[in-house]
Every structure is written in structure tokens, then in C-alpha cells.
Amino acid sequence: MAAHAPIRSAAARTWALSGTALIAAGVVSVLALHVVALEEVDPVRRTLSQYALGRWKPVFDAGVLAVAFGSVAVLAGLVRTGLTRGRGAAVALLAVWSACLVVVVAFEKIDWSVGPTPTGYVHRYASLVAFLCLPVAALALGRAWR
């Protein structure tokens, strides 16, 4: 397959562009929290999930879900164009990344002022798996295109 294979269908292009727009919207909404919630959460000393423990939870959740669903849409576009195989490592890793982001939203972060919780640990480990899967998936995609 050529390194710069053209997008073969309007549907694949729509998936890819819609996914990119969702990811951008999610990133912008979470980055905006660094500005509007600066007095509540120190973005240098706290994890992003700290926003979900306060009044900005709906914005944080929407942003993370936008990135998750946008990632799935981009993945669908990649598979539809044939730029990646539907059963390859990159697809599996990107699917796990997206699923873990949904889990991160579904299970609240540990509020250390209260103490650890089972749901907090689910959130923590889903975050870890997600952020390990994304760069490995990117490497797998790059290797396949090389």
C-alpha cells in the first residue's frame, strides 16, 4: 500500500474529518479548563481528572468523551480507506485507548481528601492503560505505513 493512499470514499473522509473535529473540540474544552478553572485546579500539580471532582465535571467529561468518540471515528476512517488493517495491533490499541477514556469518565477519580475508593482505582488504571496504548498505537501505525 502506498504511503499516501488517497481516501477512497466520501464516507471514509467523513469519518476521518468528523473524528478530527471531535478530537479538536475535546482538546480545546479541556485546555479551556486550564484558563477558566485555574483558581480551582493547578494544572501543573494535579492530573486532568481533578477537573471532574469540581463544578467543571460536565466540561471535562464532554471533552474526554469527544476525544474518545473522535478517536473511534478517525480509526473507522483509517480502516475504511485501507490505511490500516481492521485486525491489526494499531486498531486494537486505539480501540482500547478509546474504551479506557470512556471508563475514565464513568468511574470518578480518587478524591484524596476523602480517601481511596474502588471506582477511583478503576479510573486510575484505565487512565494508565489509555496513556500507554496511544503512543504504542501511533508507533504501530507509523511502522505499518513505513
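Treat the numbers as computed from the prediction; the structure is a model and nothing was measured.

Running from N to C, helix α2 (residues 57-81) and helix α3 (residues 89-106) cross one another at 165 degrees; their axes reach a closest spacing of 9 Å. Comparing the axis directions of α2 and α3 gives the class roughly antiparallel. Once α2 is placed against α3, the crossing between them reads as left-handed. Judged by residue contacts, Lys57, Asp61, Val64, Leu65, Val67, Ala68, Phe69, Ser71, Val72, Leu75 and Val79 of α2 engage Val91, Leu94, Ala95, Trp97, Ser98, Leu101, Val102 and Val105 from α3. Here the residues of the contact of α2 with α3 are counted per class, giving 15 nonpolar, 2 polar and 2 charged.

Note on pairing: side chains with opposite charge can pair once their charged atoms come close. Scanning the model with the defined rule gives 2 salt bridges in all. For Glu40, the salt bridge goes to Arg55, with nearest N and O atoms at 2.8 Å. A residue pair is termed long-range when its members are at least 10 positions apart, and Glu40 in the loop between α1 (10-36) and α2 and Arg55 in the loop between α1 and α2 qualify at 15 residues. Looking at Glu40, the relative accessible area reads 40%, which means it is partly exposed. We classify Arg55 as exposed; its relative accessible area is 61%.

This part covers the environment of Arg124. Position of Arg124 relative to the elements: it lies in helix α4 (residues 118-145). Through-space distance from the C-alpha of Arg124 to that of Val30 is 18 Å; in sequence the pair is 94 residues apart.

Moving on: a nonpolar patch on the surface. A contiguous nonpolar patch, built from Trp112, Tyr121, Tyr125, Leu128 and Leu132 and spanning about 530 Å² of accessible area, is present on the exposed surface. Checked against the element boundaries, Tyr121 lands in helix α4.

Another point: α2. Between the first and last C-alpha of α2 there are 36 Å, a value that for 25 residues agrees with the 36 Å anticipated at 1.5 Å per step. Just beyond α2, the residue with positive phi is Gly82, at close to 85 degrees.

Rules behind the numbers
- Residues numbered from 1 in each chain as written.
- Predicted model: local features only at pLDDT ≥ 70, side-chain atom pairs only at ≥ 80, totals over all residues.
- Heavy atoms only, no water.
- Axes fitted to C-alpha atoms, helices over the stretch in contact; angles between N-to-C directions.
- Helix = DSSP H or I, 4+ residues; strand = E, 2+ residues; numbered from the N terminus.
- Parallel < 35°, antiparallel > 145°, perpendicular 65-115°, else oblique.
- Left-handed = near helix turned anticlockwise from the far one by under 90°.
- Contact = heavy atoms within 4.5 Å.
- Nonpolar A, V, L, I, M, F, W, Y, C, P; charged D, E, K, R; others polar.
- Salt bridge = Lys/Arg side-chain N within 4 Å of Asp/Glu carboxyl O.
- Buried < 20%, exposed > 50% of the residue type's maximum accessible area, 1.4 Å probe, protein only.
- Patch = residues over 30% accessible without salt bridge, like charges linked within 9 Å, V, L, I, M, F, W, Y side chains within 5 Å.
- Areas by Shrake-Rupley, 256 points an atom, 1.4 Å probe, with all protein chains shown as cover.
- Expected span 1.5 Å × (residues − 1).

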